[in-house]
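Per-entry structural report
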Amino acid sequence: MPNMRLTKLPAREQDPNIRNCNFEEVSQGYDEAMAVDEAKRCLNCKHKPCVDGCPVNVRIPEFIQLVADEKFMEAYEVIRSTNALPAVCGRVCPQETQCEEKCVRGIKGEPVGIGRLERFVADYAMAHGAEPAKPLPDNGKKIAVVGSGPAGLTCAGDLRKLGYEVTIFEALHTPGGVLVYGIPEFRLPKQLVRQEIKTLTDIGVKIETNMVVGRSITLDELLEDEGYSAVFVGSGAGLPRFQCIPGENLNGVYSANEFLTRINLMKAYHFPESDTPVQVGKNAAVVGGGNVAMDAARSAKRLGAENVYIVYRRGEAEMPARVEEVHHAKEEGIIFKMLTNPTEILGDENGHVKGMTCVEMELGEPDSSGRRRPVVKAGSEHTIDVDTVVIAIGNSPNPLIKNTTPGLKTEKWGGIIVDECTGKTSREHVYAGGDTVTGAATVILAMGAGKTAAKAIHKELSKGS
C-alpha cells in the first residue's frame, strides 16, 4: 500500500553547531528502513512525469518500486542503466527543480525524496560490492574525451559500454573535474568520487592526468596523428570572473575557483598535515549568490572565520543557489547581506584586505535573465570590516582549446557553439558539452550533455558499419 504521508522523510544530518567546525559530510542520508518508508510514498504514475524532469532520464518509478520491495541492488542496476554517477547525483543534483518538481505527490504536499532515495541506493550498492557493468566487445574505434568532470565521465562511460576504446585527458593531477576541485568535502566526499570513477576505469576507460589539451596536445593532433575517431570536449568553465572594482588584486582576495580548489583538491582543510595553507581571517565576505558562493562561505566558516558574509546584489528570492544550500548555510551561522553590492575592496599599508565598500540596492524592472534588475540606492554607501574576500560571481571556459583549434566556433564569452540535439561543434568529429558550452551550470545538466554527445558519436561512427 502507498504511504500517503504528505511530507518527505527528512534525512539525518550533523548538528549545525558541530558540522560548521568540520569537513565531514553534512547529510547522513537514509538508512534501509527510512528508504523503504519514503519509497512507498511514490504513486508509480502512469505517465512518469519525474522521468521527463531528469536530464539523464533515470527510470525513477521503477527504481523506487524496487526500493519499496527492498530489492536495493536491483534498484541500483536500474539507476546505473542511464546514470553513470548516481552517488554524486543523489547528493548534488537540484532535484527540487527537476525530477521532484514534476512529482505528482508534490501537488498536495511534498514530492517524493527522489534524490535521497538515489543516494541511498548508490551508497548501498557501493557498500555491498556492485559488479562492474559489462561493455560490448571492442569495436576497434578510439574516442578521446577532454576533461574528467561530469560531462566527460558520462560520455566516456556510455561510449565504453558500447565497445569503444576511450581515453580521458585531464589537465589536473586528479580526475573528477568540478566534483573534486569545486564541491566541498562536506557536500561530496572525495572518496565517493574516486569510487564512482573506479566504476568506469574497471570497465576499461583510460584516464591520463596532467594533460592540458591545447598545450600538451591539440584536438587536431588527437584526430590526425593519434588515430582518434572523435573527440568530446568537456573541459568545463574554469576561468574565474571578477567584478573589475578597485582592490581585487589585494592579498586576501580569492576567486572562488582558487579558494575551493586549494581547500578541496589540495586538502587545505588538513593544514598543516597537508602543505596547502589558505589564509582566512576573522571576517570573510563571499560575493555572489549561487551554490559556489554557499560552498565558499561554508568552507570559510569551517576554516575558522568568526563572521562570514554572503554579499549579494539581489534579494534572497532571486538567489540561484539551491534552497537546501541556503538553509544549511543559515543554520551554520553564515550572515546574509542581501541587496548589497561591493564597489571597492580596501587595503592596509601592507597590501592586505582590511574592508569592503558596498552600496545598498533595490530591485527595478526585470532584465534579460527574467530577474529584477538591481539599482543602486542613493546615499547608501557603507563599509564592511573584512580581511578575506572571495569572488564567486561565475566562470567562463578557458580559451586555450578555442585558441588552438582552427575553425572551432564559440560564443563571444567563450562557450563552444554546438548543435543542442547532438553536441556537434563546427569542427568535424569534434563534440562538446557541459559548462564549456553553457557556462557554469549543474552537474546533472553536464551529464545530460555527455549522454547526448555519446549517442550522437555512436550514431555517426556506426554509419556504414
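Above this text is the structure in question.
Residues numbered from 1 in each chain as written. Predicted model: local features only at pLDDT ≥ 70, side-chain atom pairs only at ≥ 80, totals over all residues. Heavy atoms only, no water.

Our next topic: the sheet that holds strand β5 (residues 206–208). If you trace the 5 strands from one edge of the open sheet to the other, you get β5-β4-β3-β6-β18, paired in parallel fashion. Each of the sheet's edge strands pairs with one partner strand only, and the pair in question is β5 and β18 (430–432). When the angles between neighbouring strand axes are averaged without regard to direction, this sheet yields 20°. Note that strand β3 (residues 142–146) and strand β6 (residues 230–233) share 4 bridges and pair parallel. The partner of I143 across the bridge, within β6, is A230. (Pairing = 2+ DSSP bridges. Helix = DSSP H or I, 4+ residues; strand = E, 2+ residues; numbered from the N terminus. Axes fitted to C-alpha atoms, helices over the stretch in contact; angles between N-to-C directions.)

Quantified by volume, the second largest pocket comes out at close to 650 Å³. Broken down by secondary-structure element, the contributors of at least two residues to the lining of the second largest pocket are β2 (27–29), α6 (86–92), α7 (114–127) and α14 (323–331). Ranked by residue count, the leading element in the lining of the second largest pocket is α14, at 5 residues. Class assignment for the residues of the lining of the second largest pocket results in 6 nonpolar, 8 polar and 14 charged. (1 Å grid on protein atoms, 1.4 Å probe; cavity = no way out; pocket = protein on both sides within 12 Å on 5 of 7 lines; lining within 4 Å. Points joined across faces, edges and corners; volume = space filled by probe spheres on them. Nonpolar A, V, L, I, M, F, W, Y, C, P; charged D, E, K, R; others polar.)

The phi angle of most residues is negative, glycine excepted, and most peptide bonds adopt the trans form. Geometrically, the link from F271 to P272 is a cis peptide bond, its omega value of 10° lying close to zero. As for its placement among the helices and strands, P272 is situated in the loop between α12 (256–264) and β9 (283–287). One non-glycine residue, N57, lies in positive phi territory at about 55°. By secondary structure assignment, the location of N57 is in the loop between α3 (49–52) and α4 (60–68). Residue N57 is classed as partly exposed on the basis of its relative accessible area, which comes to 40%. (Buried < 20%, exposed > 50% of the residue type's maximum accessible area, 1.4 Å probe, protein only.)

Axis separation between helix α5 (residues 72–80) and α7 bottoms out at 9 Å; the angle between their running directions is 110°. Considering their axes alone, α5 and α7 lie roughly perpendicular with respect to each other. Together, F72, M73, A75, Y76 and I79 of α5 and E118, F120, V121, A122, Y124 and A125 of α7 make up the contact between the two elements. Looking at the contact of α5 with α7, its residues break down into 10 nonpolar, no polar and 1 charged. (Parallel < 35°, antiparallel > 145°, perpendicular 65-115°, else oblique. Contact = heavy atoms within 4.5 Å.)

Topologically, N20 is positioned in the loop between α1 (16–19) and β2. For N20, a relative accessible area of 8% puts it in the buried group. A polar contact is formed between the side chain of N20 and the backbone oxygen of E332, at a distance of 3.1 Å. When residues no more than four places from it in sequence are discounted, the contact partners of N20 are K301, R302 and E332. (Polar contact = N/O pair within 3.5 Å; in protein donor to acceptor, adjacent residues only side chain to side chain.)

Now for α4. Most of α4 sits out of view: 7 of its 9 residues are buried. Buried within α4 are the following residues: I60, P61, F63, I64, L66, V67 and A68. Looking at the packing, one finds that the buried side of α4 touches α2 (32–39), α3, α5 and α7.

Where burial is concerned, most of strand β10 (residues 307–311) is hidden: 4 out of the 5 residues are buried. Relative to β10, β9 runs parallel, the two sharing 5 bridges. Across the sheet, residue A284 finds its bridge partner in β10, namely V308. Viewed along the sheet, the connection from β9 through helix α13 (residues 291–302) into β10 turns out right-handed. With 3 bridges joining them, β10 and strand β11 (residues 335–337) adopt parallel strand pairing. (Right-handed = clockwise from strand over helix to strand, strands pointing away.)

Quick look at α12 now. Among the 9 residues that make up α12, 7 are buried, leaving the element largely enclosed by the rest of the structure. Where α12 is concerned, the buried positions are A256, N257, F259, L260, T261, I263 and N264.

To continue, consider the environment of T167. The topology assignment puts T167 in strand β4 (residues 165–169). A relative accessible area of 3% means that T167 is categorised as buried. Spatially, the C-alpha atoms of T167 and E208 are 7.2 Å apart, while their sequence positions differ by 41 residues.

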